[in-house]
Amino acid sequence: MHHIRAAQTAQHCAVRAITARGLAHPLTLALLAAAATAAARAWDAGHRVADIHPAKTEDPAGD
């Protein structure tokens, strides 16, 4: 499970960097690379993409 948590955390940090510094900033690029590496490690450990990004179960119509 630590692979999933690492991938989620790395992706969260990368998104925050994009918002704060922009896509082309060197820190953002480094965090995106770290997020990609963490996701690849999770995949290699046998986790699926859905494990990192679980589907929302919320009703889109709001019912």
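Before reading on, note that the structure itself is shown above.
Going along each chain's sequence as written, the residues are numbered from 1 onward. Only residues with pLDDT of 70 or above have their local features reported here, since the model is predicted, and side-chain atom pairs are shown and tallied only from 80 upward, although totals for entire chains, interfaces and linings are computed over all residues. Calculated side-chain values reflect all of the structure's heavy atoms, with hydrogen atoms and water omitted.

## As for the overall build of the protein
Move 1: Secondary structure counts use DSSP, requiring at least four H or I residues in a row for a helix and at least two E residues in a row for a strand, with both numbered from the N terminus. Looking only at helices and strands, the protein features three helices and zero strands.
Move 2: Three exposure classes are used, based on accessible area relative to the maximum for each residue type with a 1.4 Å probe and protein chains only: buried under 20%, partly exposed in between, and exposed over 50%. The buried share of the protein, taken over its 63 residues, is 17%.
Move 3: In the protein, of all internal contacts separated by at least 6 residues, the share reaching a separation of at least 24 is 56%. Only heavy atoms matter for contacts: two residues are in contact if any of them lie within 4.5 Å across the pair.

## Things to note about a nonpolar patch on the surface
Move 1: Exposure above 30% relative accessible area and no salt bridge define the residues that can form patches, which grow by joining like charges within 9 Å and nonpolar side chains of Val, Leu, Ile, Met, Phe, Trp and Tyr within 5 Å. Each accessible area is a Shrake-Rupley estimate made with a 1.4 Å probe; only the visible protein chains count as cover when residues are assessed. Put simply, a salt bridge is a Lys or Arg side-chain nitrogen that is within 4 Å of an Asp or Glu carboxyl oxygen. Judged by side-chain polarity, Ile-18, Leu-23, Leu-29 and Leu-32 come together as a nonpolar surface patch covering roughly 330 Å² of accessible area.
Move 2: A relative accessible area of 33% places Ile-18 in the partly exposed class.

## Here's the deal with helix 1 (residues 2-21)
Move 1: Multiply 1.5 Å by the residue count of a helix minus one, and that product is the helix's expected span. Taking 1.5 Å of rise per residue, the 20 residues of helix 1 would be expected to cover 28 Å, and the 28 Å separating its terminal C-alpha atoms lies within 8% of that figure.
Move 2: Trailing helix 1 by a residue or two, Gly-22 shows a phi angle of about 95°, which is positive.

## Brief notes about helix 2 (residues 26-44)
Move 1: Here helix 2 spans 27 Å end to end across 19 residues, near enough to the 27 Å set by a 1.5 Å rise per residue.
Move 2: All of the buried residues in helix 2 are Thr-28, Ala-35, Ala-38 and Ala-42. Down the axis of helix 2, the buried set is contained in an arc of 85°. They therefore lie on one face. Pointing more than 90 degrees away from the buried face of helix 2 are the exposed residues Pro-26, Arg-41, Trp-43 and Asp-44.
Move 3: At the exit of helix 2 stands Gly-46, carrying a positive phi of roughly 100°. Summarising the geometry, the arc corresponds to the directions from the helix axis toward the C-beta atoms.

## With respect to the nonpolar core
Move 1: As used in this record, nonpolar core signifies buried Ala, Val, Leu, Ile, Met, Phe, Trp, Tyr and Cys residues forming a set joined through side-chain atoms within 4.5 Å. Of all hydrophobic cores here, the largest spans five residues; its members are Ala-7, Ala-10, Ala-14, Ala-35 and Ala-38.
Move 2: Broken down by secondary-structure element, the contributors of at least two residues to this core are helix 1 and helix 2.
Move 3: Top element by residues in this core is helix 1. It accounts for three residues.

## Here we look at the environment of Thr-37
Move 1: Position of Thr-37 among the secondary structure elements: in helix 2.
Move 2: On the basis of relative accessible area, Thr-37 is assigned to the partly exposed category, the value being 35%.
Move 3: Separated by 30 residues in sequence, Thr-37 and Ala-7 place their C-alpha atoms 8.1 Å apart.

## Focus on the side chain of Thr-28
Move 1: The topology assignment puts Thr-28 in helix 2.
Move 2: From its side chain, Thr-28 meets the backbone oxygen of Gly-22 in a polar contact 2.9 Å long. Under the rule applied, a polar contact is a pair of N or O atoms within 3.5 Å (in protein, one hydrogen donor and one hydrogen acceptor; residues adjacent in sequence only if both atoms are side-chain atoms).

No statement about biological role is implied by the geometric values presented.
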